[in-house]
Amino acid sequence: MAEPRAVVIGAGIGGLTAAVALRCTGWRVTVLERAASLEPVGAGISLAPNAQRALDVIGLGDDVRALAAWQGDGGLRTPGGRWLSRTDSAAAARRFGGPLVLLHRATLADLLAAQLPDDALRTGAAATLADPGAATRPATVTTPDGDIEADLVVGADGINSAVRRTLFPTHPGPVYTGFTTWRMVVPAPSRPFAPHETWGNARLWGTHPLKDGRVYAYASAAAPAGSRATDDEKAELLRRFGDWHHPVPAVLDAAEPAAILRHDVRHMARPLPAYHRGRTALLGDAAHAMSPNLGQGGNQAIEDAVVLAHHLAAAAAPADPTPALAAYTRERLPRTTDVVRRSARTARMALIAGTPAAALRDGALATVSRLAPGLLLRSWEGIADWQPPQRTYAA
């Protein structure tokens, strides 16, 4: 019997993971990426133990764990530097079965792409879902080089997913959360610092070390949708965060304005009715875009990919993937919907507006953390302890 054929639209983290996972279960995979190359794009990504266990399924979990840079204390601070809550990297690893790993997205993309044969990944290949397929007919993808028929199509084309719009044309899609975010990777400051996230009045900043000696920094602030700095985004960040505690000023001093990424944050406030239709499945931001406040966007895309491959591998009739795709929806939609909502709740707390309200929040956080140490770790319960549906080498 010929290998079943899958087409993955989009070569982001979710799409590449899906391609590798499907190949591991006997699928012939073609990844179509609109961009001309996979040159380094984006900034950092946080991989929690749940994503690491998902990567164990495709043999990359230990490679990622080796990139862990957080050692010792970290936690939540005020703009003046006072600690609201502290935790220890070893305590987090013990509680959830692995470290928190911060790495550049390009590093992870390279690890994944290296698992694919050269002819599996086509860049500069814009693709359109022409027909999602059905139990009795293949799906069809249109490319500049002609149509491709496939036993399975995976829509991993991001928050503005055209595949999602084709499957669910009446769904409103992701909506603006009310805040914008900046991200950058810069050389580490000469003066040491503890990894932290800092909450202010409708503003947030985070700084975390990377294994290669650089740091990943991010910021968020309430802003009208579509607004941008009148000069440049470095100047905007200096206005908003320039007087915050170390290492914020040092990070901003090292940042190149052109290398600072800014995006309005949108999320899937209204869940999709399903993550599949016909022979086509959605994953990652295309299915369940979420705010970054729990650091789970990429993690959930990686989970999606290995769960999708698991159900397709277990299918009684691989020539008809539709029952397996229904099982994928049943497993993933409730979990990711919960993570979207929990991320939104965390964002509302982190970006609370008004000095009195922020002061009340900070006092409550400090009190709860003092009475019940490990406050920050609680936000990961039910998320970071997830296990993939099959045993892995790490197990």
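Note that the structure is a prediction, hence the values are computed from the model and not measured.

Q: What am I meant to see in unusual backbone geometry here?
A: Where the residue is not glycine, phi is negative for most of them; where a peptide bond is considered, it is trans in most cases. Cis rather than trans, the peptide bond between H246 and P247 has omega equal to 15°. Within the element layout of this structure, P247 appears in the loop between α7 (233-241) and α8 (248-254). Located in the positive-phi region is A202, a residue other than glycine, with phi close to 60°. Tracing the backbone through its elements, the reader meets A202 in the loop between β13 (196-199) and β14 (203-209). On the accessibility criterion, A202 (13% relative accessible area) is buried.

Q: I keep staring at the sheet that holds strand β11 (residues 152-155) and nothing clicks. Help me out?
A: Strand-to-strand pairing in sheets goes through backbone hydrogen bonds, with the strands running parallel or antiparallel. Here six strands make up an open sheet; going across it, the order is β7-β2-β1-β11-β18-β17 and the pairing mixed. Each edge of the sheet is formed by a strand with only one pairing partner; in this case those strands are β7 (121-123) and β17 (276-277). Where β17 meets strand β18 (residues 280-282), two bridges bridge the pair, whose relative direction is antiparallel. By the bridge assignment, H276 is partnered in β18 with A281. Along the sheet, helix α1 (residues 13-24) contacts β1 (5-9), β2 (28-33) and β11; its crossing angle with β2, the most-contacted strand, is approximately 170°.

Q: Could you clarify how one ought to interpret the nonpolar core in this entry?
A: Across soluble globular proteins, nonpolar side chains show a tendency to be buried alongside one another. Core analysis: the largest hydrophobic core is formed by 68 residues, its most contacted members being L22, L47, L55 and L108. Not counting the four nearest positions on each side in its chain, L55 is found in contact with L47, L60, G61, V64, L108, L112 and I302.

Basis of the calculations
- By convention here, each chain's residues receive numbers from 1 onward along its written sequence.
- The predicted nature of this model means local features are confined to residues of pLDDT at least 70 and side-chain atom pairs, given and counted, to a pLDDT of 80 or more, with totals for whole chains, interfaces and linings taken over all residues.
- Calculation of side-chain values draws on the structure's entire complement of heavy atoms; hydrogens and water are dropped beforehand.
- The numbering of helices and of strands both runs from the N terminus, where a helix is a DSSP run of H or I of at least 4 residues and a strand a run of E of at least 2.
- Burial classes: relative accessible area under 20% of the type maximum marks a residue as buried, over 50% as exposed, and values in between as partly exposed (1.4 Å probe, protein chains only).
- DSSP calls a pair of strands paired once it identifies at least 2 bridges connecting them.
- Whether two residues touch is decided by their heavy atoms; if any such pair falls within 4.5 Å, the residues are in contact.
- Between the N-to-C directions of two axes lies an angle of 0 to 180 degrees, each axis being a line fitted to C-alpha atoms and, for a helix, fitted only over the stretch in contact.
- Put simply, a nonpolar core is a bunch of buried Ala, Val, Leu, Ile, Met, Phe, Trp, Tyr and Cys residues held in one set by side-chain atoms that sit within 4.5 Å of each other.

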